[in-house]
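Letter by letter, the chains look like this.
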Amino acid sequence: GVQGDGERQRSGWRREAAMVKIKVHELRSQKKQELLKKLDELKNELGQLRVSKVTGSGQSKLAKIKVVRKSIARVLTVYNQTTKAKAREMFADQRFQPKDLREKKTRAIRRRLTESQAAKKTAKQLKREQNFPLRRYAVRA
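Notes on the structure in this doc start here. Fair warning: this is a prediction, and the values are worked out from it, not measured in the lab.

**Focus: the overall build of the protein**
Now for step 1: Across its full length, the protein holds seven helices and zero strands.
Now for step 2: Secondary structure elements of the protein, listed N to C terminal, follow the sequence α-α-α-α-α-α-α.
Now for step 3: Burial status across the protein gives 12% buried among its 141 residues.
Now for step 4: Taken as a whole, the protein presents about 12,900 Å² of accessible surface, with 52% of it coming from carbon and sulfur.

**Quick word on a positive patch on the surface**
Now for step 1: A grouping of Lys99, Arg102, Lys104, Arg107, Arg110 and Arg111 is seen on the molecular surface, where their side chains present a positively charged patch.
Now for step 2: Within the secondary structure layout, Arg111 lies in helix α5 (residues 107-111).
Now for step 3: The exposed category is assigned to Arg111, whose relative accessible area is 53%.

**A look at the side chain of Ser52**
Now for step 1: Examined against the element boundaries, Ser52 turns out to sit in helix α3 (residues 32-55).
Now for step 2: The exposure class of Ser52 is buried, given its relative accessible area of 10%.

**Side note on the packing of α3 against helix α4 (residues 59-91)**
Packed helix pairs are characterised by how far apart their axes lie and by the angle those axes make with each other.
Now for step 1: Interhelical geometry of α3 versus α4 gives an angle of 155° and a closest axis separation of 9 Å. In this view, α3 runs roughly antiparallel relative to α4, as classed from their interaxial angle. In this structure, the crossing between α3 and α4 has a hand that is left-handed.

**Structural notes on the pattern of salt bridges**
Should the charged atoms of two oppositely charged side chains come close, the side chains can pair.
Now for step 1: In this structure the tally under the stated criterion is three salt bridges.
Now for step 2: Lys64 is paired through a salt bridge with Glu45; the nearest N and O atoms lie 3.4 Å apart. Of this pair, Lys64 sits in helix α4 while Glu45 is found in helix α3, placing the two residues 19 residues apart along the sequence.
Now for step 3: Take Lys64: its relative accessible area is 22%, and that puts it in the partly exposed class.

**Regarding the nonpolar core**
Now for step 1: Within the largest apolar cluster, twelve residues are counted, these being Ile22, Leu27, Leu35, Leu39, Leu42, Leu46, Leu49, Ile65, Val68, Ile72, Val75 and Val78.
Now for step 2: Counting residues per element, the ones that place at least two in this core are α3 and α4.
Now for step 3: With sequence-adjacent residues up to four places away left out, Leu42 is seen in contact with Ile22, Val68, Ser71, Ile72 and Val75.

About the cut-offs
Residues numbered from 1 in each chain as written. Predicted model: local features only at pLDDT ≥ 70, side-chain atom pairs only at ≥ 80, totals over all residues. Heavy atoms only, no water. Helix = DSSP H or I, 4+ residues; strand = E, 2+ residues; numbered from the N terminus. Buried < 20%, exposed > 50% of the residue type's maximum accessible area, 1.4 Å probe, protein only. Areas by Shrake-Rupley, 256 points an atom, 1.4 Å probe, with all protein chains shown as cover. Patch = residues over 30% accessible without salt bridge, like charges linked within 9 Å, V, L, I, M, F, W, Y side chains within 5 Å. Salt bridge = Lys/Arg side-chain N within 4 Å of Asp/Glu carboxyl O. Lys, Arg positive; Asp, Glu negative; His and termini not counted. Charge placed at Lys NZ, Arg CZ, Asp CG, Glu CD. Axes fitted to C-alpha atoms, helices over the stretch in contact; angles between N-to-C directions. Parallel < 35°, antiparallel > 145°, perpendicular 65-115°, else oblique. Left-handed = near helix turned anticlockwise from the far one by under 90°. Core = buried A, V, L, I, M, F, W, Y, C linked by side-chain atoms within 4.5 Å. Contact = heavy atoms within 4.5 Å.

Shape is all these values report; function is a separate question.
In structure tokens:
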């Protein structure tokens, strides 16, 4: 009937908006240049949508703005994650890492002595422990 046709139109509109929505797993397989190209396209599209918003066009374009913005965010996220992962690989076997690749933790933990530093003893301590070992007593049961 008539109601069924309306539903088909609505779902078709949703599909059109979803077509723009980008799948992250597809982005991860793309190269750096492809990602930057995609980002450029999306930014241009967003600009056009904002212009059409000002000129006062249909509701579908307004709804599309959000989808495009989120898509831009997805592309940037994948791009940044991949560049950071590559940087981590590069600096994996080096003695020092750039500060943004190091573990964050907390300031206090970063400033703390390492395990080996904390376990070290002075010559005087070692001598004292050697000369005066802990006394062991046989306790009656």
